[in-house]
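Structure assessment
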Amino acid sequence: MRREPAIIEGMEQHGNSLAGRKAETETGTAAVAPRRRWPQRVAIALVVLVVAAVLAAAAFFAYVGDFYHDLDAASHDLASTEALPVQQGESYLAFGDPAAETGIVLYPGAKVEYTAYAPLMRELAERGYLAVVVEMPFNLAFFDINAADGVRSAFPQVKTWWVGGHSLGGSMAAQYAADHSDDAALGGIVLLGAYSASDLSATDLGALVVYGENDEVVNRDKLSEGEALLPPDAQTVKIAGGNHAGFGTYGPQDGDGEASIAPEEQREQTADAVDAYLEARAA
């Protein structure tokens, strides 16, 4: 009897069985491959980013929430009179004649309530200027360097404008001046306990720097180096016995030197220096 066909058939079935097992093995290998875990990793990364952002925001608001307050709690310095009107704008306080020929916009120092400069603004207004102090977002001038634009638009009758600032506000005012150096209505800058980090040396602007002899906050090296960035006819006035905080009414400032003159005297001397310089420039 011949059984070759049966043997061949059996071999074929065995071969098919082996092929099927190989396919099952390969399929099984694919089935038990490690699952891709990137969605879980992305979720963890997003959570970390959100937590970091929340912590950063909390730190920022804690930082800006601790600022120097105006000591004039009763707001006597904000009182408007017939001789010296005071106008409250959306983000500024304007002192003096709205039709004055010359206006001065002041940027406050870092973390200082803007109303603390009201007494200095009154001193300038009494000398014939429209003196305007700007309220800055979070009390930090670098959040609104172009704040002077809004003030200037509110008082279009003013012919000549000076921008200035105290401490950080002064540096931001200098940046504003550098960005508007070709503006014919811009007279120059007034820096109080501040220096310019912007190059104004090739401009026709005026520049006045006023600082207190006992000022321990302003960087003296940068104050000296900043003179090279100012226009050729810039002038520097040192107030004997003055300090950094004496330009406003917000009390002692951390790291500042002790003043040997009253803040009222420092503000009066400052207003006199500003008036004298601006008058000389206008002559």
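Residues numbered from 1 in each chain as written. Predicted model: local features only at pLDDT ≥ 70, side-chain atom pairs only at ≥ 80, totals over all residues. Heavy atoms only, no water.

You'll find the protein chain entered in an unreviewed UniProt entry as Alpha/beta hydrolase, with Rubneribacter badeniensis given as the organism.

Points about the packing of helix α3 (residues 118–126) against helix α7 (residues 263–282)
Two numbers describe how α3 lies on α7: the axes approach to 9 Å, and their chain directions differ by 40 degrees. One way to sum up the angle between α3 and α7 is to call them oblique. Of the two possible hands of crossing, α3 and α7 adopt the one that is right-handed. Counted together, Pro119, Leu120, Glu123 and Leu124 of α3 and Arg267, Glu268, Thr270, Ala271 and Val274 of α7 form the full contact between these two elements. (Axes fitted to C-alpha atoms, helices over the stretch in contact; angles between N-to-C directions. Helix = DSSP H or I, 4+ residues; strand = E, 2+ residues; numbered from the N terminus. Parallel < 35°, antiparallel > 145°, perpendicular 65-115°, else oblique. Left-handed = near helix turned anticlockwise from the far one by under 90°. Contact = heavy atoms within 4.5 Å.)

Section: the environment of Ser260
Mapped onto the elements of the fold, Ser260 is located in the loop between β8 (235–239) and α7. According to the relative accessible area criterion, Ser260 is exposed, its value standing at 60%. Leave out the neighbours within four places in its chain, and Ser260 touches Asn214 and Gly241. (Buried < 20%, exposed > 50% of the residue type's maximum accessible area, 1.4 Å probe, protein only.)

Regarding the pattern of salt bridges
Pairing between side chains of opposite charge can happen when the charged atoms of each approach one another. Applying the stated criterion across every chain, the model contains four salt bridges. Notably, a salt bridge pairs Asp272 with Arg127, separated by 2.7 Å at the nearest N-O pair. Of this pair, Asp272 sits in helix α7 while Arg127 sits in the loop between α3 and β4 (130–134), and the two are 145 residues apart along the sequence. For Asp272, a relative accessible area of 38% corresponds to the partly exposed category. (Salt bridge = Lys/Arg side-chain N within 4 Å of Asp/Glu carboxyl O.)

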